[in-house]
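# Fold and contact review
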Amino acid sequence: MTASVVRPAAAVAAAVVDVASPPVPEAIPPIAYDPAVLPVLLQALDGIDVITDLSRVERLSRDFAWFSPVLKRELEGKRADVVVRPRTEEEIVRVVSACARLGVPLTPRGSGTGNYGQCTPIHGGVLLDLSGYNQFMWCRHGVGRAQAGIRLADFDTQARPKGWELRWLPSTFRSATLGGLYGGGFGGLGSINYGPLAAPGNVLGLKAITIEAEPKLIELRGADALLLHHVYGTNGLVLELEVALAPAHDWLETLVVFDHFDHALNAADSIARAPGIEKKGVTFLAAPVPAYLTALAEYLPSGCHALICIVAEHSEDGFKQLVSEAGGRISYRRTAEEVASSKRTLMEFAWNHTTLHALKVDPGLTYIQTGFDPTCHLAQVRALREALGDEMLVHLEFIRTKEGAHNCSGLQMLHYSTDERLAQIMQIHRDHGVMIANPHVWRVEDGKQGRINREVVATKARLDPQGLLNPGKLRGWDERVALLAAAATAEEKQATLPRF
Ligand code: FAD
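Residues numbered from 1 in each chain as written. Predicted model: local features only at pLDDT ≥ 70, side-chain atom pairs only at ≥ 80, totals over all residues. Heavy atoms only, no water.

Tallying each qualifying case throughout the model produces 22 salt bridges. With a closest N to O distance of 4.0 Å, glutamate 58 and arginine 79 form a salt bridge. Taken together, the positions of glutamate 58 in helix H2 (residues 54-60) and arginine 79 in the loop between helix H3 (69-74) and strand E3 (82-85) put the pair 21 residues apart, joining distant regions of the chain. With a relative accessible area of 31%, glutamate 58 lands in the partly exposed category. (Salt bridge = Lys/Arg side-chain N within 4 Å of Asp/Glu carboxyl O. Helix = DSSP H or I, 4+ residues; strand = E, 2+ residues; numbered from the N terminus. Buried < 20%, exposed > 50% of the residue type's maximum accessible area, 1.4 Å probe, protein only.)

Turning to its location among the elements, glutamine 147 is positioned in strand E7 (residues 143-147). Judged by relative accessible area, glutamine 147 falls into the buried class, the value being 13%. Polar contacts involving the side chain of glutamine 147 include one to the main-chain amide nitrogen of asparagine 134, which spans 3.2 Å. (Polar contact = N/O pair within 3.5 Å; in protein donor to acceptor, adjacent residues only side chain to side chain.)

We now examine the sheet that holds E3. Spatially, the four strands line up as an open sheet ordered E2-E3-E5-E4, and their pairing is mixed. Both edges of this open sheet fall to strand E2 (49-51) and strand E4 (106-109), since each of them pairs with a single strand only. Across the sheet, the mean angle from the axis of one strand to that of its neighbour is 25 degrees, orientation sign disregarded. The sheet contact formed by E2 and E3 spans three bridges and is antiparallel. Each residue of the ladder has a partner; that of valine 50, found in E3, is valine 84. Contacts from helix H4 (residues 89-102) reach E3, E4 and strand E5 (126-129) within the one sheet, and its direction differs from that of E4 by about 150 degrees. (Pairing = 2+ DSSP bridges. Axes fitted to C-alpha atoms, helices over the stretch in contact; angles between N-to-C directions. Contact = heavy atoms within 4.5 Å.)

A cis amide bond links alanine 287 to the next residue, proline 288, at an omega of 10 degrees. On the secondary structure map, proline 288 appears in the loop between strand E13 (279-285) and strand E14 (305-312). You will see that lysine 343, though not glycine, has its phi angle at about 70 degrees, which is positive. Residue position: lysine 343 is located in the loop between helix H10 (336-342) and helix H11 (352-361). The phi torsion at tryptophan 351 lies on the positive side, around 45 degrees, for a residue other than glycine. Assignment of secondary structure puts tryptophan 351 in the loop between H10 and H11.

Turning our eyes to something else, we now look at the site of the ligand. Residues in close proximity to the ligand total 37 residues, the closest being Pro108, Gly110, Thr113, Thr177 and Phe186. One of the backbone N or O atoms of phenylalanine 186 is found 2.7 Å from an oxygen atom in the ligand. Within the backbone of tyrosine 232, one N or O atom sits 3.2 Å away from an oxygen atom of the ligand. Relative to its free-state accessible area of 980 Å², the ligand is covered by the protein chains to the extent of 97%. Among the elements of the structure, E4, helix H6 (178-184), strand E11 (237-247) and H11 are those that each provide at least two residues to the shell around the ligand. Ranked by residues supplied to the shell around the ligand, first place goes to H6 with five residues. A breakdown of the residues in the shell around the ligand according to their chemical character gives 14 nonpolar, 22 polar and one charged. (Near = heavy atom within 4 Å. Areas by Shrake-Rupley, 256 points an atom, 1.4 Å probe, with all protein chains shown as cover. Nonpolar A, V, L, I, M, F, W, Y, C, P; charged D, E, K, R; others polar.)

This is the structure in structure tokens:
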């Protein structure tokens, strides 16, 4: 690790955190939180915005896990005891310090648009709503920095006059926060150029706070700046993020319709890979998915296969040429100016917004998330269509992989019947060489083939030594406790621990 300490928080004693070789703890006790400490906690938070009203706490404890009937069932009734909304670094330091002193679990929240119960506390405690900690800090030379609670749309509003915009926008950009995207997201519009957030060079640095009675602020940069990414706020609380930006363009929003599945799929692939066409997103929706986008019904003829293509206005001629060669028809076209004045953007029909629109029409649907093999992604799409027929509703987003290859990822929908059939369908995808990011599980590693990342766990040991952050979600941390418990002697303990 190459992290450096910025400064001790709240002017506490200037102890230096040696993040390169943390002290090996004797043992890490499982979380032993007693809600009886809450009155003392609330006293310590005097003057900070706190929500105790049960119905509001319950609402804020939820995200969009209801897309999954499995998660809906499993997370039923899970909630925080209290929501705290700090607005300054000083207030965050006070909350963190009080929770650390009293052993209260602390679950970060941005806007709660995550899909896997990511901000739902499993063990109660404090839900730390960071949406009020939202200042844009600066933007220069293609780099921008902001506080974690800034909404992505607000970030872009600040950066665009300087000629820059975010490299990836989830379709929830209007409400989702930068910290939430980093803590729980993948990418989105723009990933067709820049890959997911996890691609080296996208996230440049971050400021985190340690969860201790005397919290410290540290800056992580380079590869270390990804150690807290997509682990649901379990191994560090992020205060600021510094990210590389993309040149801002005037984006033309279009719908392209086709009669044939193969023509539409080939067109999506060729537009997505066309090197001369600046684009922000190419979405492929096989029939009958377009029929679920009822707000766009007049542009989507019955039975059509459709693409949502967002390309730079200056790329329109080249784009039209590719559409016409592929046998498609542009049924909807809005310039950037028209989009800005209409308040409707096709970006809110792509990515998991497609699923949201479909669920509004048919609540019996659910979805899966897939990653194709860039060497044969179109063949895999066709083979799976052959294997699963009408059972799968095909929705693909074209992206670049973390390594830079042209590819697509899927947010396919299906009618939920049983957990067993859902598992079978995911297995059929794996059997075709397609990766599954399982959206029906709530622990970090369970969505990623169960892989435990030791560096992620080691980071938690350094930044959250008591294990208070979003407890229960990081299997690697819980197994570390079990490993320690199983090691009988001091030597065995040493042998177990240094690997983390
Ligand atoms: P939250 O849901 O509040 O939090 C997400 C996770 O991050 C939680 O585990 C939380 O504890 C943690 N967290 C939040 N803030 C911090 C912090 N400061 N420090 C540490 N951890 C923190 N995702 C995509 O990647 N691409 C998409 O295109 C996309 N489309 C979506 C469409 C719909 C309709 C829905 C419902 C979801 C979609 N998502 C998508 C998922 C989600 O919207 C994004 O990941 C979003 O960026 C999450 O931001 P948020 O502020 O709502 O985070």
